[in-house]
Amino acid sequence: MTQYTPEIEESWGLALKEEFEADYFTRLKAFLREEVKKQTIYPPGKMIFSAFNLTPLTAVRVVIIGQDPYHGKGQAQGLAFSVADGIRIPPSLQNIYKELNSDLQVPIPVSGNLEKWARQGVLLLNATLTVRAGQPGSHQGKGWEQFTDQVIRTISDLRAGIVFLLWGRFAQEKAELIDTSKHYILKAAHPSPFSAHKGFFGCRHFSKTNEILRANGMGEIDWNPTGKIQSPGF
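Residues numbered from 1 in each chain as written. Predicted model: local features only at pLDDT ≥ 70, side-chain atom pairs only at ≥ 80, totals over all residues. Heavy atoms only, no water.

(A) Quick peek at the nonpolar core. Among the nonpolar cores identified, the biggest contains 70 residues, and W12, F49, F52, W117, F147 and I155 are the most heavily contacted of them. In this structure, W117 is in contact with I64, I96, L100, V122, L124, F206, D222, W223, N224 and P225, ignoring residues within four places of it in sequence. (Core = buried A, V, L, I, M, F, W, Y, C linked by side-chain atoms within 4.5 Å. Buried < 20%, exposed > 50% of the residue type's maximum accessible area, 1.4 Å probe, protein only. Contact = heavy atoms within 4.5 Å.)

Have a look at this one:
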């Protein structure tokens, strides 16, 4: 079997080596190769592993789990909930910003780019890492979920004191993959317009996360997506 070495940060590459060499990943790779021959796929190939490249395994402090990449042109950039500068902010991210403003009085940003979070150790992980243009959920059940479940297990096994933010039922089902004897789980409704009023607004997950991180000597996250990154302080 031909080995596959993706463009992925070294600590992740080493930790996930067996996944990249597994049969299911070989099938997933073959599926994607066929897809790109006839479909437009998001995010662009070099951005598929952006969450990992911006947030090394050794730097993870917080994990936010999404379900699917955005399926509109120019939206997906490999980070859950995030869009590039200049792209209209999607409704779920608008609600995340509203809660952030209510919780920590962070001004509502004009950009949906969350790279600053990622560079501070917030792993913005979608369960499925690719999607067909205009077809949400089109790459579910092809192997990505098996891969990203192993990512969560790897964080659970190799790290300690990580805060997992599980928004919505789909993300909350991943709780079984996490060792709660050494990690922290905060649950709330999904920030989409259909459910944000059912428990996402008012959850105060941003301030609660920083309280947990500070108590464990891991600094805190500067949740303002704009401006320079502050020193983590640990």
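(B) Summary view of the pattern of salt bridges. Within this structure, the stated rule accounts for eight salt bridges. Of the charged contacts in the structure, one is a salt bridge between K116 and D222, with a shortest N-O distance of 2.9 Å. In this pair, K116 is assigned in helix 6 (residues 115–119) and D222 in the segment after helix 9 (205–215), connecting sequence segments 106 residues apart. You'll find K116 and D222 in the same group, each marked buried. (Salt bridge = Lys/Arg side-chain N within 4 Å of Asp/Glu carboxyl O. Helix = DSSP H or I, 4+ residues; strand = E, 2+ residues; numbered from the N terminus.)

(C) Fine view of the packing of helix 3 (residues 23–38) against helix 7 (residues 144–158). Relative orientation of the contacting elements helix 3 and helix 7 amounts to 130 degrees, with a least axis distance of 9 Å. The pairing of helix 3 with helix 7 is recorded here as oblique in orientation. Where helix 3 crosses over helix 7, the handedness of that crossing is left-handed. Along the contact surface, helix 3 presents Y24, F25, L28 and L32, while helix 7 presents W144, Q146 and F147. Class assignment of the residues belonging to the contact of helix 3 with helix 7 gives a composition of six nonpolar, one polar and no charged. (Axes fitted to C-alpha atoms, helices over the stretch in contact; angles between N-to-C directions. Parallel < 35°, antiparallel > 145°, perpendicular 65-115°, else oblique. Left-handed = near helix turned anticlockwise from the far one by under 90°. Nonpolar A, V, L, I, M, F, W, Y, C, P; charged D, E, K, R; others polar.)

(D) Quick look at the layout of surface pockets. One number sums up the size of the largest pocket: a volume of about 630 Å³. Along the wall of the largest pocket there are 32 residues; nearest its centre are Q67, D68, F81, S92 and H190. Contributing elements (two or more residues each) for the lining of the largest pocket: strand 2 (62–66), helix 5 (91–104) and helix 8 (169–172). No other element matches helix 8, which puts three residues into the lining of the largest pocket. Looking at the lining of the largest pocket, its residues break down into 16 nonpolar, 14 polar and two charged. (1 Å grid on protein atoms, 1.4 Å probe; cavity = no way out; pocket = protein on both sides within 12 Å on 5 of 7 lines; lining within 4 Å. Points joined across faces, edges and corners; volume = space filled by probe spheres on them.)

(E) Region of the structure containing the pairing of strand 2. Of all five residues in strand 2, five are buried; the element is thus mostly enclosed. Here strand 2 shows two buried faces, one formed by V62, I64 and G66 and the other by V63 and I65. Pairing geometry for strand 2 and strand 3 (residues 122–126), over five bridges, is parallel. Paired with V63 across the bridge in strand 3 is L123. Sheet topology note: the strand 2/strand 5 (residues 163–167) ladder contains three bridges and is parallel. Within strand 5, the residue paired with V62 across the bridge is V163. (Pairing = 2+ DSSP bridges.)

(F) Just helix 7, in detail. With 15 residues, helix 7 extends 21 Å between its outermost C-alpha atoms, agreeing within 8% with the 21 Å of an ideal straight helix rising 1.5 Å per residue. Along helix 7, the residues classified as buried are W144, E145, F147, T148, D149, V151, I152, T154, I155 and S156. (Expected span 1.5 Å × (residues − 1).)

(G) View of the packing of aromatic side chains. What the rule picks out here adds up to 19 aromatic pairs. Ring geometry for F25 versus W144: centroids 6.0 Å apart, planes at 85 degrees, classification edge-to-face. Of this pair, F25 sits in helix 3 while W144 sits in helix 7; the two residues are 119 residues apart in sequence, bridging distant segments of the chain. When sorted by exposure, F25 lands in the same class as W144, which is buried. Every member of this aromatic cluster is reached through a ring pair, and the members are W12, F20, Y24, F25, F49, F52, W144 and F147. (Phe/Tyr/Trp six-rings, centres within 6.5 Å; stacked < 30°, edge-to-face > 60°.)

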